[in-house]
Amino acid sequence: GDSVTQTEGLVTLTEGLPVMLNCTYQTIYSNPFLFWYVQHLNESPRLLLKSFTDNKRTEHQGFHATLHKSSSSFHLQKSSAQLSDSALYYCALSDRWTQVVGQLTFGRGTRLQVYA
Amino acid sequence: DAGVTQTPRHEVAEKGQTIILKCEPVSGHNDLFWYRQTKIQGLELLSYFRSKSLMEDGGAFKDRFKAEMLNSSFSTLKIQPTEPKDSAVYLCASSLARDNSGNTLYFGEGSRLIVV
């Protein structure tokens, strides 16, 4: 079956340093759709960004990610961490052809904690 | 527009009790998901409905977990009988299935269940 592997556990950073959260996937889909969801404390997860285009950078709210089908990766990056980026981040995978399957396969989540 | 509404927000149950969690999806959405969220396992899919039809029943959760979608605007998740290991946050999410767009999930605020 499909699977998503993320950076395990907790990532701690000092404010101002770059952020990189790893996400790799395995799938039978030839047209995978990759997502990053973010969940702040006491809130529900919400979409941060998504992509299905190979080798094209996708950006939102200062974060960016590029889907690389050759390496099955969709790492989340930001040039400079802010305190408000502290949250739980989920990488997720689905099939682009959503008529058949609408569900996502989620990774286990990576908690990012940014310190002053 | 109203988002996904879940009730109750908090529930404390004794072992062996039956509990019912409720969800109202975003109006017009045709995909509905129930997830269980824990720190160890992250987001685990319990059930997935498309246009009220059950598409995925969560495999390992079959025996004591039953989700129903009585109409397009209301779903329930019944846990019977509850066990302490069921203590978790239960998230309902909905999306609008469209061709090639990559469904964005909209999550409710969750129902936090504690089983003692």
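Everything that follows concerns the structure shown earlier in this document.
Along each chain, residues carry numbers from 1 onward, in the same order as the chain's sequence is written. Written order decides the labels, with chains lettered from A and ligands numbered from 1. Per-residue local features of the predicted model are confined to residues with pLDDT of at least 70, and side-chain atom pairs are confined, for both listing and counting, to 80 or more; whole-chain, interface and lining totals are unaffected and use all residues. As a rule here, side-chain values come from all non-hydrogen atoms in the structure, and water together with hydrogens is ignored.

Description of the overall build of chain A
Step number 1: Helix numbers and strand numbers start at the N terminus; a helix is a DSSP run of H or I with at least 4 residues, a strand a run of E with at least 2. Scanning chain A for helices and strands turns up zero helices and twelve strands.
Step number 2: For chain A, the N- to C-terminal ordering of α and β elements is β-β-β-β-β-β-β-β-β-β-β-β.
Step number 3: Between the two quantities, the radius of gyration covers C-alpha atoms and the globule rule is 2.2 Å times the number of residues to the power 0.38. Relative to the compact-globule value of 13 Å for 116 residues, chain A shows a C-alpha radius of gyration of 14 Å, a close match.
Step number 4: Principal axes of the C-alpha set define a box for chain A whose edges measure 45 × 30 × 20 Å.
Step number 5: Carbon and sulfur atoms provide 48% of the accessible area of chain A, an area that totals close to 5,600 Å².
Step number 6: When charges are counted, neither His nor the chain ends are considered; positive counts come from Lys and Arg and negative counts from Asp and Glu. Where a charge lies is defined by one atom per residue type: Lys uses NZ, Arg uses CZ, Asp uses CG and Glu uses CD. Across chain A, the 9 positively charged side chains and the 8 negatively charged ones have centroids separated by 4 Å. Using a 1.4 Å probe, the Shrake-Rupley method yields the accessible areas, and only the shown protein chains count as cover for residues.

A closer look at the pattern of salt bridges
All names here are of chain B.
Step number 1: Salt bridge criterion: a side-chain nitrogen from Lys or Arg within 4 Å of a carboxyl oxygen from Asp or Glu. The tally for this structure, following the rule as stated, stands at nine salt bridges over all chains.
Step number 2: Among the salt bridges present, the one from R64 reaches E83, with a minimum N-O distance of 3.5 Å. Of the two residues, R64 sits in the loop between β6 (53–56) and β7 (65–71) while E83 sits in the loop between β8 (74–79) and β9 (88–95), which places them 19 residues apart along the sequence.
Step number 3: Burial here depends on accessible area, computed with a 1.4 Å probe over protein chains only, as a share of the maximum for the residue type. Under 20% is buried, over 50% is exposed, and the range in between is partly exposed. Since its relative accessible area comes to 11%, R64 is described here as buried.
Step number 4: What makes E83 partly exposed here is its relative accessible area of 27%.
Step number 5: Bridged by salt links that share partners, the residues R36, E44, R64, E83, K85 and D86 form one connected network.

As for the state of the cysteines
Step number 1: For the purposes of this analysis, a disulfide is any pair of cysteine sulfur atoms at a distance within 2.5 Å. Here the structure, examined in full by the defined rule, presents two disulfides over all chains.
Step number 2: Shown here is the disulfide that connects C23 of chain A with C91 of chain A, its sulfur atoms set 1.9 Å apart. Its S-S torsion of approximately -65° makes the covalent link between C23 of chain A and C91 of chain A left-handed. Here C91 of chain A lies in strand β10 (residues 87–95) and C23 of chain A lies in strand β4 (residues 23–26), a separation of 68 residues in the sequence. With respect to burial, C23 of chain A and C91 of chain A carry one shared label: buried.
Step number 3: The disulfide partner of C23 of chain B is C92 of chain B, and the S-S distance across this bridge is 1.9 Å.

Focus on the side chain of S73 of chain A
Residue and element names in this part refer to chain A.
Step number 1: Within the secondary structure, S73 sits in the loop between β8 (63–66) and β9 (76–78).
Step number 2: A distance of 2.9 Å separates the side chain of S73 from the side chain of S71, its partner in a polar contact.
Step number 3: Non-local contacts of S73, meaning those with residues more than four positions away in its chain, are made with C23, T24, Y25, T66, L67 and H68. The definition of a polar contact used here is a pair of N or O atoms within 3.5 Å, where within protein one atom must be able to donate a hydrogen and the other to accept one, and adjacent residues in sequence count solely through side-chain atom pairs. In this analysis, two residues are considered to be in contact whenever any of their non-hydrogen atoms come within 4.5 Å of each other.

Re the environment of R46 of chain A
Residues and elements named next belong to chain A.
Step number 1: Mapped onto the elements of the fold, R46 is located in strand β6 (residues 46–51).
Step number 2: Each C-alpha atom, one on R46 and one on S94, is 16 Å from the other, the two residues being 48 residues apart in sequence.
Step number 3: Look past the residues within four positions of R46 in its chain and what remains in contact with it is W36, Y37, V38, H40 and Q61.
Step number 4: A distance of 3.4 Å separates a polar atom in the side chain of R46 from a polar atom in the side chain of Q61.

Quick look at the nonpolar core
Step number 1: Only buried residues count toward a nonpolar core. Its members are Ala, Val, Leu, Ile, Met, Phe, Trp, Tyr and Cys residues joined through side-chain atoms within 4.5 Å. Counting 24 residues, the largest nonpolar core has W36, L48, L49, L76 and Y89 of chain A as the members making the most contacts within it.
Step number 2: Elements supplying a minimum of two residues to this core: β2 (10–14), β3 (19–21), β4, β5 (32–39), β6, β8, β10 and β12 (110–115) of chain A.
Step number 3: Non-local contacts of Y89 of chain A, meaning those with residues more than four positions away in its chain, are made with Q6, L21, W36, Y37, V38, L48, F63, L76, G109, T110 and L112 of chain A.
Step number 4: Core analysis: the second largest hydrophobic core is formed by 21 residues, L32, F65, M69 and I79 of chain B among them.

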